[in-house]
Amino acid sequence: MELPKKLYRYRPLAGEGIAKREIDALEASGIFAARFNQVNDPMEAFFDFDRDVDRSVDQALETEFSAEIYGVAKPIIEGFALISFSSRRDDLPMWAYYASGFTGMCLEYDIEALGVGDDDLAKLFPVDYADEPHPALSAAALHAGDPKDLLFPRLLRKPKAWAHEAEWRAIYGAQGLLRHPPEALTRIILGPRIDPAHRDAILGLFTRRPAEVVQALITGWRLELATIQPPTPLTDCVRLGAGRVEGPEESPSEWAEAANFLSEPVDRLAEECQRLAK
């Protein structure tokens, strides 16, 4: 399946705690990768282990082979995190349950600018919607094969009831806030029932940012979009960040690692980084 040029994330703004979290992430140009056990569908990332096969292998080898394999695999599996996107911006059920009953927002991302997929553990995959989960895994299969090849298909499968979401996923090795270039966020679509205070906060935050702010309006059974704040050209945008880079004195281990790969003195790189950050 061809990767879309634009993908979307529906975000809630219900409650001041959630609204602050989401608006702070917008301000930081960040997307939070959540662990699979934190997502809304209890059938997410479902996979089971074939205990019958495991018992047969343990008896044949006269060891606790399966327990050893699961002891290694379990923290890796539990550490997997994801960022979910949709190829649709106008899915009414997603506006209802992901964007807090049309009071939230839908964020549009330019996938090339976002850079998701550059890292080997952060590639974008389309979700596979099916009638049944994948077959059970055994410890022997995990030991013999590539765990990623065995686990990823299971992390990407959902029941067909969710097919309307047209979901794409980026899978990461750990949860956390991931920063992106400001220009990767191209449009903020405000829900038709958004709290005016949240709307005003987002408009103020993006006065000199490269994202267009759009208001969704209910017209019959459709959502119509109206621009309420155009994007600012990159050359006129406010500079984000601290305006400085930690040097070798502040982060010696990181710079020492970089020095091993450079043909030029690391001090020259540090000086150039500081110059570009200003």
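Note that the structure is predicted; figures quoted are calculated from it, not measured.

Every α-helix carries 3.6 residues per turn, so stepping three or four residues along brings you back to the same face. Taking 1.5 Å per residue as the helical rise, helix α1 (residues 16–27) with its 12 residues ought to reach 16 Å, and the 16 Å between its terminal C-alpha atoms agrees with that figure. Considered for burial, the residues of α1 that qualify are A19, E22, I23, A25 and L26. Buried residues of α1, seen end-on, are gathered within an arc of 155° and therefore sit on one face of the element. In α1, the exposed positions angled more than 90 degrees off the buried face are occupied by E16, G17 and K20. Turning to α1, the residues buried within the fold contact β1 (6–11), β2 (30–35), β4 (105–110), β9 (176–179), β10 (185–190) and α8 (196–205). Remark: S29 follows α1 within two positions and exhibits a positive phi of approximately 50°.

Moving on to the nonpolar core. L26, F85, I188, I202 and F206 are the most contacted members of the largest nonpolar core, which has 30 residues in total. Breaking this core down by element, the ones donating at least two residues are α1, β2, β3 (81–86), β4, α5 (111–114), β8 (167–172), β10 and α8. Dropping the residues within four chain positions of it, F85 is found in contact with L7, Y8, R9, I31, Y109, L114, L124, A166, E167 and W168. Within the second largest apolar cluster, 11 residues are counted, among which are M94, W95, C106 and L223.

With that settled, the discussion passes to the packing of aromatic side chains. The tally for this structure, following the rule as stated, stands at 7 aromatic pairs. Ring geometry for W95 versus F102: centroids 6.3 Å apart, planes at 10°, classification stacked. Geometrically, the ring pair formed by F125 and F152 is edge-to-face, given 5.7 Å between the ring centres and 85° between the ring planes. One end of the pair, F125, is in strand β5 (residues 124–126); the other, F152, is in helix α7 (residues 147–155), with 27 residues separating them in the sequence. With relative accessibility at 7%, the residue F152 sits in the buried group. A cation over an aromatic ring shows up here: R9 above the ring of F85, its NZ or CZ 5.9 Å from the ring centre. Taking NZ or CZ as reference, R209 lies 4.6 Å from the ring centre of F206, over its face.

This part covers unusual backbone geometry. Glycine aside, a negative phi is what most residues show, and trans is what most peptide bonds show. If you check the backbone angles, S100 has positive phi at about 45° while not being a glycine. Position of S100 among the secondary structure elements: in the loop between α4 (92–97) and β4. Despite not being glycine, F102 has its phi angle at roughly 70°, a positive value. Its place among the elements puts F102 in the loop between α4 and β4. What makes F102 buried here is its relative accessible area of 16%.

The subject of this paragraph is the pairing of β8. Residues in a regular strand project their side chains so that they alternate between the two faces of the sheet. Among the 6 residues in β8, 6 count as buried, and that is most of the element. Here β8 shows two buried faces, one formed by E167, R169 and I171 and the other by W168, A170 and Y172. Judged from the 6 bridges that link them, β3 and β8 form a sheet pairing that is antiparallel. Looking at β8, one finds that S84 is bridged to R169. Inspection of the sheet shows β5 paired to β8 by 3 bridges, in the antiparallel sense.

Moving on, we get to the pairing of β4. The buried count for β4 comes to 5 of 6 residues, which makes it a mostly enclosed element. Two elements, β1 and β4, share 6 bridges in a ladder whose sense is antiparallel. Each bridged residue has a counterpart across the sheet, and for R9 the counterpart in β4 is L107. Relative to β10, β4 runs antiparallel, the two being bridged by 5 bridges. By the bridge assignment for β10, L107 is matched with I188.

The rules behind each value
Residues numbered from 1 in each chain as written. Predicted model: local features only at pLDDT ≥ 70, side-chain atom pairs only at ≥ 80, totals over all residues. Heavy atoms only, no water. Helix = DSSP H or I, 4+ residues; strand = E, 2+ residues; numbered from the N terminus. Expected span 1.5 Å × (residues − 1). Buried < 20%, exposed > 50% of the residue type's maximum accessible area, 1.4 Å probe, protein only. Arc of directions from axis to C-beta. Contact = heavy atoms within 4.5 Å. Core = buried A, V, L, I, M, F, W, Y, C linked by side-chain atoms within 4.5 Å. Phe/Tyr/Trp six-rings, centres within 6.5 Å; stacked < 30°, edge-to-face > 60°. Lys NZ or Arg CZ within 6 Å of the ring centre and 35° of its normal. Pairing = 2+ DSSP bridges.

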